[in-house]
Structures are given as structure tokens and as C-alpha cells.
Amino acid sequence: MSTCNQHHRHWPVLESLPHDQGGYGRHKCAGCAYELGYKAGLLRDERLHINLDSLLESQAGTARHRSPHAAFAKGYYDGVASSYSGS
Ligand SMILES: [Zn+2]
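The following paragraphs examine the structure supplied in this document. (Residues numbered from 1 in each chain as written. Predicted model: local features only at pLDDT ≥ 70, side-chain atom pairs only at ≥ 80, totals over all residues. Heavy atoms only, no water.)

### A look at the nonpolar core
Next, step 1: Counting residues in hydrophobic clusters, the biggest one holds 15 residues, and the most contacted among them are Leu 14, Leu 17, Ala 30, Cys 32, Tyr 34, Leu 55 and Ala 71.
Next, step 2: When contributions to this core are tallied by element, the ones reaching two or more residues are helix 1 (30-42) and helix 2 (68-85).
Next, step 3: Looking at this core element by element, the count peaks at four residues for helix 1.
Next, step 4: Setting aside residues no more than four positions away along its own chain, Cys 32 makes contact with Cys 4, His 8, Leu 55 and Leu 56. (Core = buried A, V, L, I, M, F, W, Y, C linked by side-chain atoms within 4.5 Å. Buried < 20%, exposed > 50% of the residue type's maximum accessible area, 1.4 Å probe, protein only. Helix = DSSP H or I, 4+ residues; strand = E, 2+ residues; numbered from the N terminus. Contact = heavy atoms within 4.5 Å.)

Shown next as C-alpha cells:
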């Protein structure tokens, strides 16, 4: 399993997400989950699938131990909002 080397771990948006205490997603990068959700939101994809196994492991930082489920949902919402404002 590889570790996320992107700048996700310092994203301020992730600070508002709930902590994933002891859940399966706690080692996953919430930033990657957010990006996945955001892309789906932009396309207004109707088949939401988080697929935790596809996410990279998180490093220390903001994204650590944040709920990837909440991150995905937040990303999806923001992506949908952007899809409307872009036209
Ligand atoms: Zn990441």
C-alpha cells in the first residue's frame, strides 16, 4: 500500500471533517477521498462509489484520521456546486 505524497495533508478544508476513530478509513488520505468526490461531483455522477481500497494511505497532517466518507461527500458537494457555476 502506497502513501499519499501530495499536498493533501495540509488542506484547510479537511480540518472541518469529523475524525474517523478506529474505522477502516482512518488510515486513508481524506484529501484523496475529497478529490475523488469532487471529480464525481463535477460530472454529477449518479453512482457514488468511494472505494476505500483505491485511496492512498495518509501521512501525518491535516488529512490524517479524518473520515474519508465525509471527505468524499464534501468533495462531491463542492464538485456539483462548481459544475453549476462554471457554465
Ligand atoms: Zn491524498
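Resuming the write-up.
### Considerations on the coordination of the zinc ion
Around a metal, the idealised angle for a tetrahedral arrangement of four donor atoms is 109.5 degrees; for an octahedral arrangement of six donor atoms it is 90 or 180 degrees.
Next, step 1: Within the first shell, the zinc ion binds the protein through Cys 4 (SG), His 8 (ND1), Cys 29 (SG) and Cys 32 (SG), at distances of 1.9 to 2.3 Å.
Next, step 2: When the donor residues of the zinc ion are listed from N- to C-terminus, their spacing reads C-x3-H-x20-C-x2-C. Here Cys 32 lies in helix 1 and His 8 lies in the segment before helix 1, a separation of 24 residues in the sequence. Judged on exposure class, the residue His 8 and its partner Cys 32 are both buried. (Donors = N, O, S within 2.8 Å, 3.2 Å for Na, K, Ca; no water.)

### Quick word on the pattern of salt bridges
Next, step 1: Here the structure, examined in full by the defined rule, presents three salt bridges.
Next, step 2: The salt bridge partner of Asp 45 is Arg 47, with a shortest N-O separation of 3.8 Å.
Next, step 3: Ionic pairing is found between Asp 78 and Lys 74, a salt bridge with its closest N-O pair at 3.3 Å. Note that Asp 78 and Lys 74 are positioned in helix 2 at a spacing of four residues, about one turn of the helix. (Salt bridge = Lys/Arg side-chain N within 4 Å of Asp/Glu carboxyl O.)

### Quick look at the environment of Cys 32
Next, step 1: On the basis of relative accessible area, Cys 32 is assigned to the buried category, the value being 11%.
Next, step 2: It is 12 Å that separates the C-alpha atoms of Cys 32 and Val 13, two residues lying 19 residues apart in sequence.

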